[in-house]
Amino acid sequence: MTGSSVVESLREAAQARAAVLGLPTTAAEDWRYVNVAPLSAALPPHTGSGSARAGAMAVIDGRMFPEPMGTAPSISEQAHVDEQARLAAEQEAPACWSWFGQSHQVRVRGQQRLTIDHHASTGLSGWRLLIDIAPQSELDLILIHRSGIGTRASVGIVIRLGVGAHLRVSEVVPQVAGQLLVHVDAGVERDASLTWTSTSRGGELLRWRGVVDLLGTGAHANVSAVDRVGERNQAHRHLRLRHRVGPTTSTQVFKTVLDGHANASFDGLVDVAKGADGANAEQLSRTLLLSSTARGDTRPQLDIHADEVKAGHGATIGQLDADELLYLRMRGLAPSMAKGLLIDGFVREVVARLPHAEARALVEIGTP
Amino acid sequence: MLVINDLHVSVGEHPVLKGLSLSVGAGQVHAIMGPNGSGKTTLGRALSGHPAYTVTKGTATLAGKDLLTLEPEERSHAGLFVSWQYPVEVPGVSNADFLRLAYNAQRKAHGKPEVPAKEFPALLAQKIAEARIPPEFGERQLNAGMSGGQKKRNEILQLHMLEPTVAILDETDSGLDIDALKSVGDAINAYRRADRAIVLITHFQRLLDLVKPDRVHVLTDGRIQQSGDVDLAGKLERDGYDWIVRG
């Protein structure tokens, strides 16, 4: 089977699978907080070889990836088999849409740096990235999503971190987008680490879903996100962090600032498998409500099946702290400036975690 | 400079200050001492515009300006600085950003041009030296992760940066080790000037050994019950407050 037909077969299978699954509804537990109405709008799909570009562009060490008018998808035969299996098990139609476009495989040996500037400019688009990081290798990934009004982009990213490998991701959605659906599936082997930090301003519908499996002893995952959402935009984070063995460690920090009629949620599960003794998991979710018409939901969960585990979680939803606000005003700051500074401070904790200075520079912090 | 006359303040339905009068002239340092619950902290909070403290009667002016009708930030612009007994932590906000914004807010309120961000570090370094605190304070978050003593010293940095005409320092000496107390004392003395006034609220004479007050007042049951020179602080240290409370 040629490279083109490999992807074509996956694309056809994905369309069939999506049709079977149908659009998600709030009756589905994983979508209960999401306003799914935008998904019902009909959007023109990308078709045929035109989907090869799908508004996506990647650059590896100065080289564009894929090639500007790329033809053959660069996924291996094994990756194809894995993708078929993954698609067959897929439970969400929006995730299936990521198979509609091009699929690429990145194999990392040694130390590499990859920047993906993802543009969704029209209609429905999807793409998948398979990242295979060899043992003792490292990848720094900067992932930027830009999308226009009236677009729907589905992105699937599959990550395999070999023994002792490290992946550091800065993901930035710098401007209000259309609909963006990101699906991350990561497997972290022994002594490997995944650091994923994401920031967004939300969009007509932004939903980020992650499944991270800590597969080997000493594996570590650090997942953080901050969404600053206003108007009628949405941002939803859905994470399943699974400690398959122990000792393994994970930390999560999810923050949200909501204004206007925004709607956002955090649904996070730490799952420690039976026998994964020595697992250590921390999860924190904080939501700042600036408007009485905004809606924020948070659902932190621990599911522990091992005996020797350290696991903690905390969740807060509230307004700006009155004492902090007064303290700043007593030093001469006008209420609007004091509020802005406190919001920036709230956001900055996560922005500062972005591993790459270029990504941090993309995130607007309002302090003049 | 600071003139308070017959001030009555309630917290909720509970009257705390019951007719406090105090006048602090330019260039003077006054100390207010008193037992727990006598109203010392309430005085600072009421003057700074804390919404939980309701002024039910009386007046308070700073250089002739009625403080009590102003918003908290306007009282700051008028020249009032009130330190907090337990300074609030503001995580995520850097000291440097906060101080620059606060400094420029003061300048803007007085019709002066703001100091550009690129010029501010030099000014900050100068103020850090004046406040006798370690240089790394500028890079820290606003009170977050600081010990109690470090927070107090951070407020002394704010004092030097904002240059108020009247500073009310609420138990600034609590939580300080011996060396830090000496540094804070030096920083307060460095702040003294003929056109500034300082009110020290304290429980102990040790700060007053470093910063010599012109007047010492004893606040009990919501009023100034006794005033005197620095020797009064020594008597309180020896004999406590009973002799005043009993009349």
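Since we're looking at a predicted model, the values are computed, not measured.

Focus: the overall build of chain A
Within chain A, the secondary structure is distributed over six helices and 18 strands. Evaluated residue by residue, chain A yields a buried proportion of 50% over its 368 residues. Long-range contacts, defined here as pairs at least 24 residues apart, represent 84% of the contacts in chain A between residues at least 6 apart.

With respect to the interface of chain B and chain A
Contacts between the two partners involve 22 residues from chain B and, on the opposite side, 18 residues from chain A. Put simply, the parts of the chain that give the side of chain B that touches chain A at least two residues each are helix H2 (72–77), strand E7 (90–94), helix H3 (95–109) and helix H5 (148–162) of chain B. For the side of chain B that touches chain A, the leading source of residues is H3 of chain B, giving seven residues. Classifying every residue of the side of chain B that touches chain A gives 13 nonpolar, seven polar and two charged.

Brief notes about H3 of chain B
The first and last C-alpha atoms of H3 of chain B sit 21 Å apart over 15 residues, in line with the 21 Å expected at 1.5 Å per residue. Counted residue by residue, H3 of chain B has eleven buried out of 15 residues, so it is predominantly covered. Those residues of H3 of chain B not exposed but buried are Asn 95, Asp 97, Phe 98, Leu 99, Arg 100, Leu 101, Ala 102, Tyr 103, Asn 104, Ala 105 and Gln 106 of chain B. On its buried face, H3 of chain B is in contact with helix H5 (335–351) of chain A together with H2, E7, helix H4 (120–130), strand E8 (141–142) and H5 of chain B. Just past H3 of chain B, the residue Gly 111 of chain B takes up positive phi, approximately 70°.

With respect to the environment of Tyr 327 of chain A
Mapping Tyr 327 of chain A onto the fold places it in helix H4 (residues 322–330). By C-beta crowding, Tyr 327 of chain A is classed as buried, having 23 other C-beta atoms within 10 Å. Here the alpha-carbon distance between Tyr 327 of chain A and Leu 10 of chain A, two residues 317 residues apart in the chain, equals 58 Å. When sequence neighbours within four positions are dropped, the list of residues in contact with Tyr 327 of chain A reads Trp 84, Val 88 and Val 90 of chain B.

With respect to the packing of H3 of chain B against H5 of chain B
Residues and elements named next belong to chain B. Packing of H3 against H5 brings their axes to within 10 Å, and their N-to-C directions diverge by 30°. When you trace H3 past H5, the crossing you get is right-handed. Judged by residue contacts, Asn 95, Leu 99, Ala 102, Tyr 103 and Gln 106 of H3 engage Asn 154, Gln 158, Met 161 and Leu 162 from H5. Within the contact of H3 with H5, the residues separate by chemical class into five nonpolar, four polar and no charged.

Comments concerning the sheet that holds strand E2 (residues 14–24) of chain B
Residues and elements named next belong to chain B. Strand order across the open sheet formed by four strands is E2-E1-E4-E5, with antiparallel pairing between neighbours. Two strands bound the open sheet, and with one partner strand each, they are E2 and strand E5 (65–66). The pairing of strand E1 (residues 2–11) with E2 spans eight bridges and is antiparallel. Bridged to Ser 10 within E2 is Pro 15.

So, the nonpolar core
Of all hydrophobic cores here, the largest spans 162 residues; its most connected members are Ile 131, Leu 161, Leu 167, Val 188 and Leu 341 of chain A together with Leu 200 of chain B. With nine residues, H5 of chain A is the largest single contributor of residues to this core. The contact partners of Leu 200 of chain B, leaving out residues within four places of it in the chain, are Val 29, Ala 31, Leu 169, Leu 207, Val 211 and Pro 213 of chain B.

What to know about the pairing of strand E4 (residues 53–62) of chain B
A regular strand places its side chains on the two faces of the sheet in alternate fashion. All names here are of chain B. Two elements, E1 and E4, share eight bridges in a ladder whose sense is antiparallel. Pairing of Ser 10 across the sheet is with Thr 54, part of E4. One ladder, built from two bridges, connects E4 with E5; its direction is antiparallel. In the sheet register, Thr 61 faces E5, and the bridge partner there is Asp 66.

Section: the sheet that holds strand E6 (residues 80–82) of chain B
All names here are of chain B. Taking strand neighbours across the sheet as the criterion, the six strands line up as E6-E9-E10-E3-E11-E12 in an open arrangement whose pairing is mixed. Both outer strands of the open sheet, E6 and strand E12 (223–228), are each paired with one neighbouring strand and no more. Pairs of neighbouring strands in the sheet enclose a mean axial angle of 20°, with direction left out of account. On top of the sheet, helix H1 (residues 40–48) reaches strand E3 (29–33), E6, strand E9 (166–170), strand E10 (197–201) and strand E11 (215–220); it is set at about 140° to E6, its chief contact.

Considering the environment of Gly 234 of chain B
Residues and elements named next belong to chain B. Looking at the element boundaries, Gly 234 is found in helix H8 (residues 230–239). A count of 14 C-beta atoms within 10 Å places Gly 234 in the partly exposed class. C-alpha of Gly 234 to C-alpha of Ser 83: the two residues are 151 residues apart in sequence and 25 Å apart in space.

Focus on the pairing of strand E18 (residues 309–318) of chain A
Residues and elements named next belong to chain A. Where burial is concerned, little of E18 is hidden: zero out of the ten residues are buried. Here strand E16 (residues 279–289) runs beside E18; their pairing, made up of ten bridges, is parallel. By the bridge assignment for E18, Ala 279 is matched with Val 309.

Considerations on the confidence of the model for chain B
Confidence in the prediction of chain B, expressed as mean pLDDT, is 93, and 100% of residues score 70 or more. Here the complex is predicted with pTM 0.87, and the ipTM for its interfaces comes to 0.95.

Rules behind the numbers
- Every chain is numbered independently, its residues counted from 1 as its sequence is written.
- Each chain takes a letter, starting from A, and each ligand takes a number, starting from 1, following the order in which they are written.
- Totals for whole chains, interfaces and linings use every residue, but because this is a predicted model, local features are given only for residues with pLDDT of at least 70 and side-chain atom pairs only at 80 or more, for both listing and counting.
- Strands here mean DSSP runs of E at least two residues long; helices mean DSSP runs of H or I at least four residues long; both are numbered from the N terminus.
- Buried means a residue has 20 or more other C-beta atoms within 10 Å of its own C-beta, exposed means 12 or fewer, and partly exposed covers the counts in between; C-beta atoms are placed from the backbone.
- Contacts here follow a simple rule: the backbone-placed C-beta atoms of the two residues must lie within 7 Å.
- Nonpolar residues are Ala, Val, Leu, Ile, Met, Phe, Trp, Tyr, Cys and Pro. Charged residues are Asp, Glu, Lys and Arg, and all others, Gly as well, are polar.
- Expected helix span is taken as 1.5 Å per residue step, with the number of steps being one fewer than the number of residues.
- Axis definition: a line fitted to C-alpha atoms, limited for helices to the stretch in contact. Angles are taken between N-to-C directions and run from 0 to 180 degrees.
- Take the far helix as your reference; a near helix turned counterclockwise from it by less than a right angle gives a left-handed crossing, and one turned clockwise gives a right-handed crossing.
- Any two strands with at least two DSSP bridges between them are considered paired.
- Each nonpolar core consists of buried Ala, Val, Leu, Ile, Met, Phe, Trp, Tyr and Cys residues. Their C-beta atoms, within 7 Å, join them into a set.
- The predictor attaches a confidence to each residue, and that confidence, scored 0 to 100, is pLDDT.

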